[in-house]
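Now for the letters of each chain:
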Amino acid sequence: MSERPAPRWDALYTNVNLATMVGGYGELRDGAIAVAGGRIAWLGPRTQAEGSAAVVHDCGGAWLTPGLVDCHTHIVHAGNRSDEFEDRLQGVGYEEIARRGGGILSTVRATRAAGVDELLRQSAPRVASLLEEGVTTLEIKSGYGLDLASEEAMLRAARRIGESMPVTVATTFLGAHALPPEFAGRADDYIDDVCRRMLPALAAKGLVDAVDAFCERIGFSNAQTERVFEAARALGLPVKLHAEQLSDQGGAQLVARYRGLSADHLEHVSAQGVAAMAQAGTVAVLLPGAFYFLRETVAPPVAALRAAGVPIALATDCNPGTSPMASILLVLNMACTLWRLTPQEALAGCTIHAARALGLQDEIGTLEVGKRADFALWDIVRPADLAYGFGFNPCRAVVHGGHFRPRGALTATPAA
């Protein structure tokens, strides 16, 4: 008796509409997509799916997109700041709250008091909310420790999220987030500590994938930020920047000069900043949650970014003070309603462009042969539905690294 040949693929998803996000939505209706070894092995019309698979999933005409990418979060932290939310509703400004010891420093106190296990316990539910909405890749920043031990605890918690939950985690060192109280009045000394001691030590332990800073009137100056970028360059680490959120500090031009992955926020970016980003290939990461939560009135210059050809990514900015949001689907809707992005631009902002903002565009962000098998299955009529609706979740299942999980089982052990 002859042996049956081994299956060509590990899994085949058929009777499915594909939004590949190549050249727009990249719609392929009545398609199929095959997975082998955790990678996309084939995709095309269902009628051309010639080959056997160990598992076949009939998707019943649902839509499949790349796994969503949340490319800017502060999701690992302890405590919350609902008291400041109340203060702002009474007319107290964000900068005033920060100057009187609230804001970032409030979260620093809570985070320093928590170890890795406690940070993981508090952060995991926020991460799970994103996974339930189709997120398969997540950036997590430090920046609420502001000393070596606490920054390391945050980054170790982030790494453990990537090890214990079905999500790929990219870590970002944000030591230059705020001035810790022990360095009050000595910002340059603190930047020395960030550049000479903290960053090298954390990078040596393999905890840092990229380096960020907060270049702002209540953060760090252009010159101090450049020192951080020089330290990152010396270690071979890419940079990104919180730029032009509250004022134009020339941060967009600075991060572009260092060929930075992204400039984030950008409500007050100048025409010169936009041009510099376009020339450098730096991604604009827009954060509608913070814009909404702070009730900002100056919108980022979407039309100018479009005209210059700057890729526009979107992210939750999940953090306890200015964007306590763990819904990537709400980000899509906000970007369209607040800033008039098209649904196609919004979905690209959480897939192909968000991947580029993390330097992972060769691995994720589109459905293409050879890329990691990260995708989400949606009960929707058309891709625009993901930006159109809010307050409900049409995600049916998520595939991460080739492992299929139905919604509701996204924190479980990977399926065989």
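Everything numeric in this text was worked out from a predicted model, so none of it was measured.

What counts and what doesn't
- Residues numbered from 1 in each chain as written.
- Predicted model: local features only at pLDDT ≥ 70, side-chain atom pairs only at ≥ 80, totals over all residues.
- Heavy atoms only, no water.
- 1 Å grid on protein atoms, 1.4 Å probe; cavity = no way out; pocket = protein on both sides within 12 Å on 5 of 7 lines; lining within 4 Å.
- Points joined across faces, edges and corners; volume = space filled by probe spheres on them.
- Nonpolar A, V, L, I, M, F, W, Y, C, P; charged D, E, K, R; others polar.
- UniProt positions renumbered as here; feature names shortened; annotations may be inferred.
- Helix = DSSP H or I, 4+ residues; strand = E, 2+ residues; numbered from the N terminus.
- Buried < 20%, exposed > 50% of the residue type's maximum accessible area, 1.4 Å probe, protein only.
- Contact = heavy atoms within 4.5 Å.
- Polar contact = N/O pair within 3.5 Å; in protein donor to acceptor, adjacent residues only side chain to side chain.
- Phe/Tyr/Trp six-rings, centres within 6.5 Å; stacked < 30°, edge-to-face > 60°.
- Right-handed = clockwise from strand over helix to strand, strands pointing away.
- Pairing = 2+ DSSP bridges.

Asks: Would you explain empty space enclosed by the protein in this entry?
Replies: Scanning the model with the defined rule gives three cavities of 30 Å³ or more in all. In this structure, the largest cavity spans a volume of roughly 130 Å³. In terms of lining, the largest cavity is formed by 13 residues, of which the most central are H74, Y94, H177, N319 and T322. Considering only residue class, the lining of the largest cavity consists of four nonpolar, seven polar and two charged.

Asks: Quick question: what am I supposed to make of the UniProt feature "binding site: Fe(3+)" (unreviewed entry) in the protein here?
Replies: As annotated in UniProt, the feature "binding site: Fe(3+)" (unreviewed entry) corresponds to H72, H74, H242 and D317 in the numbering used here. What stands out for the annotated residues spanning 246 residues is how close their C-alpha atoms remain, the widest pair being 12.2 Å apart. Among the annotated residues just listed, those that line the largest cavity are H74, H242 and D317. Here H74 shows up in the loop between strand 6 (68–70) and helix 1 (82–89). Take H74: its relative accessible area is 2%, and that puts it in the buried class. Every residue in contact with H74, bar those within four places of it in the chain, is listed here: K141, S142, Y144, L174, H177, H242, D317, C318 and N319. At 3.3 Å, the side chain of H74 forms a polar contact with the side chain of D317. Mapped onto the fold, D317 is located in the loop between strand 13 (312–314) and helix 12 (328–339). For D317, a relative accessible area of 1% translates into the label buried. Excluding anything up to four places from it in sequence, D317 contacts H72, T73, H74, H265, L287, A290, T322 and S323.

Asks: Would you mind going over the layout of surface pockets with me for this structure?
Replies: In this approach, a probe sized like a water molecule rolls over the atoms, and the result shows the empty space that is left. Empty space within the largest pocket amounts to approximately 250 Å³. For the largest pocket, the lining is made up of 16 residues, of which A98, L105, A178, L179 and I218 are closest to its centre. Contributing elements (two or more residues each) for the lining of the largest pocket: helix 2 (94–99) and helix 3 (104–112). Per-element tally for the lining of the largest pocket: the top contributor is helix 2, with three residues. Its residues assigned to classes, the lining of the largest pocket comprises ten nonpolar, five polar and one charged.

Asks: What is the right way to read the packing of aromatic side chains from this model?
Replies: For any two aromatic rings, the description comes down to two numbers: the centre-to-centre distance and the angle of the planes. Inspection of every chain in the model, using the stated rule, returns eight aromatic pairs. Aromatic side chains W9 and W42 sit 5.9 Å apart centroid to centroid with 20° between the ring planes, which places their arrangement in the stacked category. Of the two residues, W9 sits in strand 1 (residues 9–19) while W42 sits in strand 3 (residues 39–45), which places them 33 residues apart along the sequence. Three or more aromatic residues joined by ring pairs form one cluster here, namely Y13, F375 and F404.

Asks: Looking at this model, I keep getting lost on unusual backbone geometry. Mind explaining?
Replies: The phi dihedral of R259 is positive, around 55°, even though this residue is not glycine. Locating R259 in the fold gives a position in the loop between helix 8 (251–257) and strand 11 (262–265). Note on R259: relative accessible area 57%, which makes it exposed.

Asks: Teacher, can you tell me more about the pairing of strand 10 (residues 240–243) here?
Replies: Along a regular strand, successive side chains alternate from one face of the sheet to the other. A two-sided burial pattern is seen for strand 10, the buried positions comprising K240 and H242 on one face and L241 and A243 on the other. Remark: the strand 9 (residues 210–215)/helix 7 (residues 222–234)/strand 10 crossover connection has right-handed handedness. Where strand 10 and strand 11 come together, four bridges link them in parallel fashion. Pairing of A243 across the sheet is with H265, part of strand 11.

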